[in-house]
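Structural characterization, general
Chain by chain, the residues run as shown.
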Amino acid sequence: MDIFSKIAAGEIPSYKCAENEQFYAFLDINPVARGHVLVIPRREVDYIFDMDDQELAAFQLFAKRVATALKKAFPCKKVAQVVLGLEVPHAHIHLIPMNSEADVDFRREKISLTEEEFKEIAEKIQKEFV
């Protein structure tokens with residue numbers, strides 16, 4: 001079981017933002033912006049395009065719902081969707097509130113948040129998730 005599967009199963013603590021039977025969304029602990037969320041399938045699959053069409057469509061629709069909640073919780077011009085991440089062998093989508101493309105620069109220094117700030121951010125997103 002990989003680290004993201006352990007997070008979705010509750011074996012490793014996370015700042016949960018949303019979930020259903022198939023997918024789980026939680027805050028990135030090394031965020032590039034306040035409200036940086038990771039969306040994952042509960043099923044272990046390394047590469048997003050290894051998902052069958054139905055699962056991939058459901059994954060995108062779930063991510064869309066999370067992005068809508070994120071935009072309400074953290075007003076911004078758009079919510080960026082980024083698919084990368086070779087460091088964890090588990091498909092995932094980064095959702096990042098953005099007002100400029102610079103807000104989605106993964107090379108810049110990550111922001112530091114306290115545990116209270118993480119909890120507050122996750123709760124704001126959860127409240128907006130419908």
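That block above? That's the structure.
Residues numbered from 1 in each chain as written. Predicted model: local features only at pLDDT ≥ 70, side-chain atom pairs only at ≥ 80, totals over all residues. Heavy atoms only, no water.

1. Quick look at the environment of Ser5
Following the sequence through the fold, Ser5 ends up in helix α1 (residues 3-8). Non-local contacts of Ser5, meaning those with residues more than four positions away in its chain, are made with Arg42, Glu44 and His90. (Helix = DSSP H or I, 4+ residues; strand = E, 2+ residues; numbered from the N terminus. Contact = heavy atoms within 4.5 Å.)

2. Notes on the environment of Glu109
Along the chain, Glu109 turns up in the loop between β5 (93-98) and α3 (115-128). Its relative accessible area of 72% is what places Glu109 among the exposed residues. For the pair Glu109 and Ile125, spaced 16 residues apart in sequence, the C-alpha separation works out to 24 Å. (Buried < 20%, exposed > 50% of the residue type's maximum accessible area, 1.4 Å probe, protein only.)

3. Here's the deal with the pairing of strand β2 (residues 23-27)
Taking burial as the measure, the 5 residues of β2 include 5 buried ones, the bulk of the element. Here β2 shows two buried faces, one formed by Phe23, Ala25 and Leu27 and the other by Tyr24 and Phe26. Relative to β2, strand β1 (residues 16-19) runs antiparallel, the two being bridged by 3 bridges. When the sheet's bridge partners are listed, Glu19 is paired in β2 with Tyr24. In sequence, β1 turns back onto β2 through a hairpin of 3 residues. Of the pairings in the sheet, the one linking β2 to strand β3 (residues 37-41) comprises 5 bridges and is antiparallel in character. By the bridge assignment, Phe23 is partnered in β3 with Pro41. (Pairing = 2+ DSSP bridges.)

4. Quick notes on the nonpolar core
Ranked by size, the top nonpolar core spans 32 residues in total, and within it Leu27, Val37, Val39, Val66, Leu95 and Ile125 carry the most contacts. Where this core is concerned, the elements lending two or more residues are β1, β2, β3, α2 (53-73), β5 and α3. Element by element, the count of residues in this core is highest for α2, at 9 residues. Residues Ile7, Ala8, Phe26 and Leu38 belong to the second largest nonpolar core, which totals 8 residues. (Core = buried A, V, L, I, M, F, W, Y, C linked by side-chain atoms within 4.5 Å.)

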